[in-house]
Amino acid sequence: MKPNNTYDLIVVGAGHAGCEAANIAGKLGSKVLMVTMNMETIAKMSCNPAIGGVAKGQIVREIDCLGGLTGIVSDYSTMQFRMLNKSKGPAMWSPRTQNDRNQFSLKWRELLENNFNIDFLQSSVGQLIIEKNRVVGVETTDGSKILSKTVILTSGTFMNGVIHVGQKQSSGGRMGDSASFGITEQLVSIGFEAGRMKTGTPPRVDGRTINYSVLEEQKGDDIPGCFSFVKPNRVKKQHSCHITYTNEKVHDILRSAFNKSPLFNGAIKGVGPRYCPSVEDKVNRFAERTRHQIFVEPEGWNTYETYINGFSTSLPQNIQYEAMRQIKGFENAKMFRPGYAIEYDFFYPTQLKLSLETKAIEGLFFAGQINGTTGYEEAACQGLMAGINAHHRINEKKPFVLNRGEAYIGVLIDDLVNKGTKEPYRMFTSRAEYRILLRQDNADTRLIPLSHKIGTISDEEYEKVLTKSNNIKKITKIFDSKTVKPAEINEILEERGSNPIPQNYIIAKVLARPQISHNDLLRVDSINKLVNEYSQEEIEQVEILVKYKSYIETEKENVDRLRKMENKKISADFDYSLIHSLSLEAIDKLNKIKPESIGQASRISGVSPADISALLIYLNK
């Protein structure tokens, strides 16, 4: 990097949010500088070496379809693939991979270095350069000033980070890496509202000392899938994970040291993730339970280091070790490194626009844990959207915003901006009211037409999606118009516990039965011949459309109503105190958040349907 260069965009941080932000902005043509305190830890999986899971897997597929790289990198580094929740409806199906930690990070760095619009600088940013409420660059801790048109802060757990192991505390962004200082204090002095959050990680164990023969084996799927639609890459060889459980002896040892736990003795002030609590928190909150599940997960193909998922803790190291060795299979286990908790600064996300640009400072974007989220996937999708919108701002294009009916990413950002969060925000399928539309299998047909318009997806990928969409329509037409004879299908129906048909039946009506799958239909030669030119994936999507037709149609109607509400725009400088019929709480919330539309206003906590009616009446005048 040449000194005094001016960039279109500076990305501060090289975690999952920072990597997606830098890559997509560079892909779109912006000149990007990525500043990181350690070039060796780009895209490091600081916690669990896994990607996806419930709702998170849907996000990764959406990132892929918007031109991001998390899915591609995950597929490259996969050790095991599982589609979770297959016993439930398709809205709940969620892909998850166990990943090789080092391969994941190295692949990300390789792909970023192959993006020649990205420069790299190993340094720490201590201050933002702000002129007239607009960011114009950054100042590093060595005094260097670098100018830019926009800045994306993706600080993760590094801003004023404090690591806790028992009663010992140390400054750090994660174990072995320094914390960063200065930016929080600067932004708070400007008027930003900051808070503290906490997260944690479990001990890492020497896999050579674990007795796997007494653990429950958890294999990958027989036919593994992958995340990426754009560059599919299925794992050829899979590594098993294992399951074990804590017990009363473990719990007694943990309880004996509660007075030394920073979680209970007041040392930790930040709020931790509700849905991923530490093991001591689980033992305390669920005292009636005699055991808790532990997932034993490999960290890589070429290491014995093992992640003890479910045993996150900040207790003293000797207590961690003593309790761990009471777990079945861990009687002789040796610890590579202890678990710890980390506290860090975040900024309340209600201070953002839906584009993830801050309201107070033009050109400044926040993405990832700085916004109060937890998880690689939540961070990555924010980085992607911030990168796109920073590029759009530079080029005077309107923000790219996904609504709640288009993507889980839209749900996440909408929740953060309108509702805020006081605890680490994690995505769940239950947060999405249109989840039957936002399935992992249709992310490509949902989003690639949108990403093609903004230039993050190639013409070739767009054509593939058009072909897939057309094929789905053709298969649907075949199933809706062709019939199957009783002699061809009745034996299969009876085998599946479904009533036989007395006469020729429309194929779609047979497929609509809950006991029958598309694989059952394909056993019938006449049906197989009708659709043998189409892929399993396309036929499976038709099955979902047939079985859930009424639900899908209802949700589409609701999304149409949502879209109409989103189209009713509100001026950014509108003063809600002018509407005397609004409640005082609504006036306060609306003036603070400054919603961009009636739809956004309706989703703000504390704004009632009566307030929305009053707002509509006033605006219509």
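So, here is what we can say about the structure in this document.

Cut-offs and rules
Residues numbered from 1 in each chain as written. Predicted model: local features only at pLDDT ≥ 70, side-chain atom pairs only at ≥ 80, totals over all residues. Heavy atoms only, no water. 1 Å grid on protein atoms, 1.4 Å probe; cavity = no way out; pocket = protein on both sides within 12 Å on 5 of 7 lines; lining within 4 Å. Points joined across faces, edges and corners; volume = space filled by probe spheres on them. Helix = DSSP H or I, 4+ residues; strand = E, 2+ residues; numbered from the N terminus. Nonpolar A, V, L, I, M, F, W, Y, C, P; charged D, E, K, R; others polar. Pairing = 2+ DSSP bridges. Axes fitted to C-alpha atoms, helices over the stretch in contact; angles between N-to-C directions. Buried < 20%, exposed > 50% of the residue type's maximum accessible area, 1.4 Å probe, protein only. Arc of directions from axis to C-beta. Contact = heavy atoms within 4.5 Å. Core = buried A, V, L, I, M, F, W, Y, C linked by side-chain atoms within 4.5 Å. Phe/Tyr/Trp six-rings, centres within 6.5 Å; stacked < 30°, edge-to-face > 60°.

Once that is clear, we can look at the layout of surface pockets. What the second largest pocket holds in volume is close to 1200 Å³. Met-83, Lys-86, Gln-536, Glu-537 and Glu-540 are the residues nearest the centre of the second largest pocket, which is lined by 40 residues in total. Only β4 (78-84), α11 (443-454), α12 (459-481), α15 (518-521) and α17 (536-547) provide two or more residues apiece to the lining of the second largest pocket. Of the residues assigned to the lining of the second largest pocket, the class counts are 15 nonpolar, 10 polar and 15 charged.

Sheet strands pair by backbone hydrogen bonding; their relative direction is either parallel or antiparallel. With antiparallel pairing, the four strands of this open sheet are ordered in space as β11-β10-β19-β12. The sheet is open, and its two edges are formed by β11 (168-171) and β12 (194-201), each paired on a single side. Each neighbouring strand pair of the sheet contributes to a mean axis angle of 25 degrees, computed without reference to strand direction. The pairing of strand β10 (residues 162-165) with strand β19 (residues 340-347) spans three bridges and is antiparallel.

What helix α6 (residues 248-256) keeps buried is the set Val-250, His-251, Ile-253 and Leu-254. Angular distribution of buried residues about the axis of α6 spans 160 degrees; they occupy a single face of the element. Among the exposed residues of α6, those oriented more than 90 degrees off its buried face are Lys-249 and Ser-256. The inward-facing, buried residues of α6 contact α7 (279-285) and α8 (317-324).

Along the chain, Ile-388 falls in helix α9 (residues 376-394). Separated by 268 residues in sequence, Ile-388 and Phe-120 have C-alpha atoms that sit 19 Å apart. Setting aside chain neighbours within four positions, we find Ile-388 in contact with Ile-24, Leu-28, Phe-400, Ile-454 and Thr-456.

Once that is clear, we can look at the nonpolar core. Nonpolar side chains tend toward joint burial in soluble globular proteins. Ranked by internal contacts, the top residues of the largest apolar core, which has 90 residues, are Ile-10, Val-151, Leu-153, Leu-187, Leu-364, Phe-366 and Ile-409. When residues in this core are grouped by element, the largest group, nine residues, is from α9. Grouped together as the second largest cluster of nonpolar side chains are 23 residues, Ile-507, Ala-508, Leu-522 and Val-542 included.

Attention now moves to unusual backbone geometry. One non-glycine residue, Asn-133, adopts positive backbone phi at about 60 degrees. Within the element layout of this structure, Asn-133 appears in the loop between β7 (125-131) and β8 (134-140). Even without glycine at this site, Leu-356 takes up a positive phi of about 75 degrees. Position of Leu-356 among the secondary structure elements: in the loop between β19 and β20 (364-366).

A few words now on the packing of aromatic side chains. Aromatic ring pairs are reported here in terms of the distance separating the ring centres and the angle at which the planes meet. Applying the stated criterion to the full structure yields eight aromatic pairs. Ring geometry for Tyr-548 against Tyr-551: centres 6.3 Å apart, planes inclined by 50 degrees, an arrangement best described as tilted. By relative accessible area, Tyr-548 is classed as partly exposed at 24%. Aromatic pair Phe-574 and Tyr-618: ring centres 5.9 Å apart, planes at 65 degrees, arrangement edge-to-face. Pair noted here: Phe-574 is in the loop between α18 (549-567) and α19 (584-593) and Tyr-618 is in helix α21 (residues 609-620), with a separation of 44 residues, a long-range link.

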